[in-house]
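# Tertiary structure, described
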Amino acid sequence: MPRAIYAAIEAGGTKFVCGLGSGPEDLETTQFPTTTPAETIARALEFFSSCARGPIAAAGIASFGPVELHRDSPGWGRITTTPKAGWRDADLAGPVGMALGAPVVFDTDVNGAALAEHRWGAARDVDDCVYLTIGTGIGGGAICDGRLLHGLLHPEMGHIRVPHDRVADPFPGVCPFHGDCLEGLASGPAIQARWGCRGADLPAGHPAWELEARYLSLAVANLACTLSPARFILGGGVMAQRHLFDLLHQYTLALLNGYIASARITDRIHEYIVPPALGSRAGVLGALALAETAAG
Ligand code: ADP
Ligand code: ZN
């Protein structure tokens, strides 16, 4: 029996990546800049019709946010209060489902990435993991017992509060809602605003990285205590600074102080907090993984 074909859309604020295939190994992809909703969705649909290999079983959309994820809400499948021009209340899932005549699974980009890392990447051997992206913003997705955690809306792990010593770090934070939440203190723009220099241009020994690892390890320790994942995957532009992982391992061990009695943490911290395995394909594979969930 031929394998089901899925349509995948990674809907990003600057680019869309679309894929069509039955799995990561045969996924045909294309990408184009995000312009207006109508034009961008039309390009995606054009791609799906041009390389159709039979009926599409389901579509997955992993979208930038904020998004409406409640199936029973009239706004389901839409991007909601984004400041991105023209995209406020843009309906993504509606027109895609209508054009493809297939069920659509719609979720956040970070939930998609968490699912893809669990399905094919750095968390394929565990049932519970947390994926954090440290980039322009900070976002997180959690897999609990093999399923994405949604809760009321979806987790907002970037906006948790972490202790902020204003003597050691007088920087007030950049989050427009909270000032010094985790995203306010540790996102790429926070690093740039605090030090007056892009993170990519700060040398490895710069004090910025010790502070960054302190905040991220506080987040990891808090999430370890609340969600009890078997692995943390940390990606996003800032984590291109691979030396952060060594500091994170060290600081997280110190914060948890042996209290969570799992050898995964106490003996194998290097396997407990890891970089993503899917690289630049994580986004579109996230959308593919979402589409696959429509079947089961
Ligand atoms: P986005 O979050 O917009 O999807 P990224 O995950 O690439 O995109 O994150 C972009 C942020 O990461 C920017 O704030 C940028 O300054 C920062 N960044 C990108 N590359 C590096 C790097 N090599 N070192 C530190 N920070 C980086
Ligand atoms: Zn915030």
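Here, the structure is the one placed above.
Residues numbered from 1 in each chain as written. Chains lettered and ligands numbered in written order. Predicted model: local features only at pLDDT ≥ 70, side-chain atom pairs only at ≥ 80, totals over all residues. Heavy atoms only, no water.

### A look at the site of ligand 1
Condition: We call a residue near a molecule or strand as soon as one heavy atom of that residue lies within 4 Å of the molecule or strand. As used in this structure description, the phrase polar contact means that two N or O atoms lie within 3.5 Å; if the pair is within protein, one of them must be able to donate a hydrogen and the other to accept it, and residues adjacent in sequence are counted only when both atoms belong to side chains. Surface exposure here means Shrake-Rupley accessible area, sampled with a 1.4 Å probe, where a residue is shielded only by the protein chains that are shown.
Near ligand 1, the surroundings consist of Gly 135, Thr 136, Gly 188, Pro 189, Gly 199, Ala 200, Trp 209, Gly 236, Gly 237, Val 238, Ala 240 and Gln 241. Between Thr 136 and ligand 1, the recorded distance is 2.5 Å, taken from a side-chain N or O atom to an oxygen atom. Taken by itself ligand 1 offers 560 Å² of open surface, and the protein chains cover 59% of this.

### What about the coordination of the zinc ion (ligand 2)?
For clarity, the threshold we go by: Donor atoms: N, O and S within 2.8 Å of the metal, or within 3.2 Å for Na, K and Ca. Because water is excluded, sites can look incomplete. Angle rules define the geometry names used: all angles between 85 and 135 degrees makes four donors tetrahedral, while opposite donors over 155 degrees apart and all other angles between 65 and 115 make four donors square planar and six octahedral, leaving every other case irregular. Summary of the burial criterion: residues with accessible area below 20% of their type's maximum are buried, those above 50% are exposed, and those between are partly exposed, where the area comes from a 1.4 Å probe applied to protein chains only.
For the zinc ion (ligand 2), the protein coordination sphere consists of His 159 (ND1), Cys 175 (SG), His 178 (ND1) and Cys 181 (SG), at 2.1 to 2.4 Å. The coordination sphere of the zinc ion (ligand 2) comprises four donor atoms, whose angles at the metal cover 103 to 120°; the geometry is tetrahedral. The sequence pattern formed by the donor residues of the zinc ion (ligand 2) is H-x15-C-x2-H-x2-C. A relative accessible area of 29% means that His 178 is categorised as partly exposed. The class for Cys 181 is buried, based on a relative accessible area of 0%.

### Let's talk about the side chain of Asp 180
The condition is simple: Strands here mean DSSP runs of E at least two residues long; helices mean DSSP runs of H or I at least four residues long; both are numbered from the N terminus. Any pair of residues with heavy atoms lying within 4.5 Å of one another is described as a contacting pair.
By secondary structure assignment, the location of Asp 180 is in the loop between strand S8 (147–148) and helix H4 (182–186). We classify Asp 180 as buried; its relative accessible area is 15%. A polar atom in the side chain of Asp 180 sits 3.0 Å from the side chain of Arg 166. Residues within four places of Asp 180 in sequence aside, it is in contact with His 164, Arg 166, Pro 172, Gly 173 and Leu 185.

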